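Each chain, letter by letter, is given below.
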Amino acid sequence: VQLQASGGGLVQAGGSLRLSCLASGRTFSIYDMAWFRQAPEKEREFVAAITWSGGSTYYGDSVKGRFTISRDNAKNTVYLQMNSLKFEDTAVYYCAADPSWNWCPPDYWGQGTLVTVSS
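For the structure given in this document, a descriptive report is provided here. (Residues numbered from 1 in each chain as written. Predicted model: local features only at pLDDT ≥ 70, side-chain atom pairs only at ≥ 80, totals over all residues. Heavy atoms only, no water.)

### Digging into the environment of tryptophan 103
Thought 1: For tryptophan 103, the position within the fold is in the loop between β9 (91–98) and β10 (108–109).
Thought 2: For tryptophan 103, a relative accessible area of 12% corresponds to the buried category.
Thought 3: Sequence-wise, tryptophan 103 and phenylalanine 36 are 67 residues apart; in three dimensions their C-alpha atoms are separated by 9.7 Å.
Thought 4: Apart from residues lying up to four places away in sequence, tryptophan 103 is in contact with Asp32, Met33, Ala34, Phe36, Ala49, Ala96, Ala97 and Asp98. (Helix = DSSP H or I, 4+ residues; strand = E, 2+ residues; numbered from the N terminus. Buried < 20%, exposed > 50% of the residue type's maximum accessible area, 1.4 Å probe, protein only. Contact = heavy atoms within 4.5 Å.)

### Considering the sheet that holds strand β8 (residues 77–82)
Thought 1: Read across the sheet, four strands follow the order β1-β3-β8-β7 without closing on themselves; strand pairing throughout is antiparallel. Every other strand in the sheet has two partners, leaving β1 (2–6) and β7 (67–72) as the edge strands with one partner each. Adjacent strand axes in the sheet meet at a mean angle of 15°, parallel and antiparallel pairs treated alike.
Thought 2: In terms of strand pairing, β1 meets strand β3 (residues 17–24) through five bridges, oriented antiparallel. Residue pairing in the sheet places leucine 3 in a bridge with alanine 23 of β3. (Pairing = 2+ DSSP bridges. Axes fitted to C-alpha atoms, helices over the stretch in contact; angles between N-to-C directions.)

### Some thoughts on the pattern of salt bridges
Thought 1: Evaluation of the coordinates by the stated rule reveals four salt bridges.
Thought 2: Note that arginine 37 and glutamate 45 form a salt bridge whose closest N and O atoms lie 2.8 Å from each other.
Thought 3: The partner of aspartate 89 in a salt bridge is arginine 37, and the shortest N-O contact between them spans 2.9 Å. Of this pair, aspartate 89 sits in the loop between β8 and β9 while arginine 37 is found in strand β4 (residues 32–38), placing the two residues 52 residues apart along the sequence.
Thought 4: The structure contains a network of salt bridges with shared partners spanning Arg37, Glu45, Arg66 and Asp89. (Salt bridge = Lys/Arg side-chain N within 4 Å of Asp/Glu carboxyl O.)

### Examining the state of the cysteines
Thought 1: Tallying each qualifying case throughout the model produces one disulfide.
Thought 2: Linked covalently through their sulfurs, cysteine 21 and cysteine 95 form a disulfide whose S-S length is 2.1 Å. Since a negative S-S torsion denotes a left-handed disulfide, the cysteine 21-cysteine 95 link at about 60° is right-handed. Here cysteine 95 lies in strand β9 and cysteine 21 lies in strand β3, a separation of 74 residues in the sequence.
Thought 3: Counting only cysteine sulfurs, cysteine 95 is the nearest neighbor of cysteine 104, a cysteine outside any disulfide, at a range of 17 Å.
Thought 4: On the accessibility criterion, cysteine 104 (72% relative accessible area) is exposed. (Disulfide = S-S within 2.5 Å.)

### Concerning unusual backbone geometry
Thought 1: That bond from cysteine 104 to proline 105 is cis: its omega, -10°, falls within 30 degrees of zero.
Thought 2: Positionally, proline 105 belongs in the loop between β9 and β10.
Thought 3: The backbone of asparagine 76 sits at a positive phi, close to 55°, despite the residue not being glycine.
Thought 4: Looking at where asparagine 76 falls in the secondary structure, it is placed in the loop between β7 and β8.
Thought 5: The backbone of serine 84 sits at a positive phi, close to 50°, despite the residue not being glycine.

The following block contains the structure:
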């Protein structure tokens, strides 16, 4: 499956952004989906994940209550709504797909989209 992330950009602290990840190539609805991020000189970090049906979601501690992951299987797209953004949310955000909820590592990665939060 090919993953194309978009929606990154420059935003002030306290603002919001919505990232999108469009999947193509295979049946999107069978894949669990996730977002990760990597800040400069830091390891890649889990952000959020959603099951293939959209029935369950999970979040990293640093984004709980501020970020929301969702998906639209009819559009082959997973979203990450990011609210109350902080300077430390600055990173390249990657979407990922896996058929078996295995994020270490997932089967597929997208190319990443840069989010910059100005303080």
